[in-house]
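The residues making up each chain are set out below.
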Amino acid sequence: MISISSDELERMHRAIFSVQRLKGMAHVLSVWMANGTMSAWEGGAVSLSGCEAVARAYFEARPGRAALPQAYCAALQNAAQLDQAMAEFLAQGAQGDLDALLERAGGALNVLAGVIDQLPDYPAAADDARALRSEAGRCLALCQAR
């Protein structure tokens, strides 16, 4: 049986929640990019590669934003790598470098927030970017608390 302190459990929860937050935000943006409607993520499976395909089509139709497609797709790929790292961490019985996962999650959330800031047509850009930065701050604060 594994014994986990409440502080460690909080840190694990924050890392897991942050990965889910990234995937949920990718889904919401994908729906918006595909058909211009806002939706809430219901917590189901999210294909980050599918979100990337939608984003590429969205940006192809808007060629005036040269660097944004690469930055957005890189943020999605980073989220996918973080999701994989979190899955490996959990598969190993929550053994590994949780600080590194929290740092990566905080960085990924900040990067996605920066990309969202550059989507002027996205109606919830300011609110969503602020929420992602807040979540990133929570991750980094827990990482630094050790």
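Notes on the structure follow. (Residues numbered from 1 in each chain as written. Predicted model: local features only at pLDDT ≥ 70, side-chain atom pairs only at ≥ 80, totals over all residues. Heavy atoms only, no water.)

### Description of the overall build of the chain
Argument step 1. The secondary structure content of the chain amounts to 5 helices and 0 strands.
Argument step 2. Taken from the N to the C terminus, the helices and strands of the chain come in the order α-α-α-α-α.
Argument step 3. Against the globule reference of 15 Å for 146 residues, the chain gives a C-alpha radius of gyration of 16 Å, in line with a compact fold.
Argument step 4. The principal-axis extent of the C-alpha atoms belonging to the chain is close to 55 × 25 × 25 Å.
Argument step 5. Per-residue burial over the chain gives 41% buried out of 146 residues.
Argument step 6. For the chain, the accessible surface area stands at approximately 7,600 Å², while carbon and sulfur atoms represent 53% of it. (Helix = DSSP H or I, 4+ residues; strand = E, 2+ residues; numbered from the N terminus. Rg over C-alpha atoms; globule rule 2.2 N^0.38 Å. Buried < 20%, exposed > 50% of the residue type's maximum accessible area, 1.4 Å probe, protein only. Areas by Shrake-Rupley, 256 points an atom, 1.4 Å probe, with all protein chains shown as cover.)

### What about the nonpolar core?
Argument step 1. Residues Tyr 72, Leu 112, Ile 116 and Tyr 122 are the most contacted members of the largest nonpolar core, which totals 46 residues.
Argument step 2. Those elements giving two or more residues to this core turn out to be helix H1 (6-35), helix H2 (48-60), helix H3 (67-91), helix H4 (98-117) and helix H5 (125-144).
Argument step 3. Not counting the four nearest positions on each side in its chain, Tyr 72 is found in contact with Ala 26, Leu 29, Met 33, Ala 55, Phe 59, Leu 112 and Val 115. (Core = buried A, V, L, I, M, F, W, Y, C linked by side-chain atoms within 4.5 Å. Contact = heavy atoms within 4.5 Å.)

### Observations concerning the packing of H1 against H4
Argument step 1. At a minimum axis separation of 10 Å, H1 and H4 run at an interaxial angle of 30°. Classified by the angle between their axes, H1 and H4 sit roughly parallel to one another. The handedness of the crossing between H1 and H4 comes out as left-handed. Together, Glu 8, Arg 11, Met 12, Arg 14, Ala 15, Ser 18, Arg 21, Leu 22, Met 25 and Leu 29 of H1 and Leu 98, Asp 99, Leu 102, Ala 105, Ala 108, Leu 109, Leu 112 and Ile 116 of H4 make up the contact between the two elements.
Argument step 2. For the contact of H1 with H4, the per-class residue count stands at 12 nonpolar, 1 polar and 5 charged. (Axes fitted to C-alpha atoms, helices over the stretch in contact; angles between N-to-C directions. Parallel < 35°, antiparallel > 145°, perpendicular 65-115°, else oblique. Left-handed = near helix turned anticlockwise from the far one by under 90°. Nonpolar A, V, L, I, M, F, W, Y, C, P; charged D, E, K, R; others polar.)

### Brief notes about the packing of aromatic side chains
Argument step 1. Evaluated as defined, the whole model comprises 4 aromatic pairs.
Argument step 2. Seen from their ring centres, Trp 32 and Tyr 58 are 5.3 Å apart, and the 50° between their planes marks the pair as tilted. One end of the pair, Trp 32, is in helix H1; the other, Tyr 58, is in helix H2, and 26 residues separate them in sequence.
Argument step 3. Taking the relative accessible area as the measure of exposure, Tyr 58 reaches 4% and is therefore buried.
Argument step 4. Between Phe 59 and Tyr 72, the aromatic rings sit 6.1 Å apart at their centres with planes inclined by 65°, giving edge-to-face as the arrangement. With Phe 59 in helix H2 and Tyr 72 in helix H3, this residue pair connects regions lying 13 residues apart in the sequence. Of the two residues, Phe 59 and Tyr 72, both sit in the buried class. (Phe/Tyr/Trp six-rings, centres within 6.5 Å; stacked < 30°, edge-to-face > 60°.)

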